[in-house]
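Report on the structure
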Amino acid sequence: MPDKRKHRGAHPDDARLFAEAHQAALRLAVEEYAWLLTRDYADESALKLVGDRHNLTARQRLAVWRSACSDQALHRRAQAETPLSQCVPTRLGIDGYNLLITIESALSGGLVLIGRDGCRRDLASIHGTYRKVSETIPAVELIADHLTQAGATSIDWYLDQPVSNSGRLKVLMAKLLEARSLHWNIELPDNPDRKLADYTGVVASADGWILDHCRSWVNLAADIIETHIPDAWIVDLRTA
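Please read these numbers as outputs of a predicted model, since none were measured by experiment. (Residues numbered from 1 in each chain as written. Predicted model: local features only at pLDDT ≥ 70, side-chain atom pairs only at ≥ 80, totals over all residues. Heavy atoms only, no water.)

Comments concerning the overall build of the protein chain
- From N to C terminus, the protein chain includes 12 helices and eight strands.
- The C-alpha atoms of the protein chain give a radius of gyration of 18 Å, which matches the 18 Å a tight globule of 240 residues would have.
- Projected onto its principal axes, the C-alpha positions of the protein chain cover 55 × 40 × 35 Å.
- For the protein chain, with 240 residues in total, the buried portion stands at 49%.
- The long-range share in the protein chain, meaning contacts at least 24 apart out of those at least 6 apart in sequence, stands at 78%.
- For the protein chain, the computed accessible surface area is about 11800 Å², with 50% contributed by carbon and sulfur atoms.
- With 28 positive and 32 negative side-chain charges, the protein chain shows a spacing of 4 Å between the two charge centroids. (Helix = DSSP H or I, 4+ residues; strand = E, 2+ residues; numbered from the N terminus. Rg over C-alpha atoms; globule rule 2.2 N^0.38 Å. Buried < 20%, exposed > 50% of the residue type's maximum accessible area, 1.4 Å probe, protein only. Contact = heavy atoms within 4.5 Å. Areas by Shrake-Rupley, 256 points an atom, 1.4 Å probe, with all protein chains shown as cover. Lys, Arg positive; Asp, Glu negative; His and termini not counted. Charge placed at Lys NZ, Arg CZ, Asp CG, Glu CD.)

As for the pattern of salt bridges
- For the structure on display, the rule yields 18 salt bridges.
- Two residues, Asp-117 and Arg-121, come together in a salt bridge whose shortest N-O distance is 2.8 Å.
- Taking relative accessible area as the criterion, Asp-117 reaches 9% and is therefore assigned buried.
- Of the residues examined, Arg-121 reaches a relative accessible area of 9% and is grouped as buried.
- Here Asp-236 and Arg-238 are joined by a salt bridge, their closest N and O atoms 2.7 Å apart.
- Judged by relative accessible area, which is 26%, Asp-236 ranks as partly exposed.
- Salt bridges here are not isolated pairs; linked through shared partners, they connect Arg-77, Asp-117, Arg-121 and Asp-212. (Salt bridge = Lys/Arg side-chain N within 4 Å of Asp/Glu carboxyl O.)

A short note on the packing of helix α2 (residues 20-38) against helix α3 (residues 43-53)
- With their axes 9 Å apart at the nearest point, α2 and α3 run at an angle of 150° to one another. With respect to α3, the axis of α2 lies roughly antiparallel. Crossing of α2 over α3 shows right-handed handedness. Touching Leu-28, Ala-29, Glu-32, Tyr-33, Leu-36 and Leu-37 of α2 are Asp-43, Ala-46, Leu-47, Leu-49, Val-50 and Arg-53, all from α3.
- A class-by-class count of the residues in the contact of α2 with α3 yields nine nonpolar, no polar and three charged. (Axes fitted to C-alpha atoms, helices over the stretch in contact; angles between N-to-C directions. Parallel < 35°, antiparallel > 145°, perpendicular 65-115°, else oblique. Left-handed = near helix turned anticlockwise from the far one by under 90°. Nonpolar A, V, L, I, M, F, W, Y, C, P; charged D, E, K, R; others polar.)

A word on empty space enclosed by the protein
- The full count for this structure, using the stated rule, is one cavity of 30 Å³ or more.
- The volume enclosed by the largest cavity comes to roughly 60 Å³.
- Every residue lining the largest cavity is listed: Asn-98, Leu-99, Cys-119, Ala-204, Ser-205, Ala-206, Val-218, Asn-219, Leu-220 and Ala-221.
- Where the lining of the largest cavity is concerned, the elements lending two or more residues are α7 (96-107) and α12 (220-228).
- For the lining of the largest cavity, the residue count by class is seven nonpolar, three polar and no charged. (1 Å grid on protein atoms, 1.4 Å probe; cavity = no way out; pocket = protein on both sides within 12 Å on 5 of 7 lines; lining within 4 Å. Points joined across faces, edges and corners; volume = space filled by probe spheres on them.)

Spelled out as structure tokens, the structure:
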């Protein structure tokens, strides 16, 4: 069945699965999963153990998986994080779909999680094909305006070549940026994760693997959402 969604939006079950009544259990699950990862338990078996213990659904387990990281990873990410104001003079490499879909989700009332490392992450999935939605153009424009206001000029935006419609999105973005007299570099590499991990500037991503391998990163999605989307649906899964 073709994907006919017009909005990135919330999953029909999210209001129930992530209601306030479930959030304490989800935060505890994130804490327990992180404890196991810190002690080198395998990802899948650790998630199953925690998920079964708290009787979590598949979607709740996905949220726990995206929100947790080991203590070692948490420390490294904290050491490598750079405020946007400090990374403006350098080149900024953007994990294109990672950032865009999170901003689309926030604009459309979709669930946005705050993970253990402070990153904002959505639960949307493009399944190998990116479909433009009503929030796509506003999201691109919002990202462009935010970076322009911050003084960022040297931008490399990476979109996954294997994802269908990446070429169309590149053309759309180029037109929107041209209208703002912005000249960002937009590339379609086969493996943007590896490219960002080796990037010599600052990386904008919430992908855990990239954060654990890049030299420096900026929490751009959080910065944009906090500044411009105050009514976004945020569920904070951090523990004190």
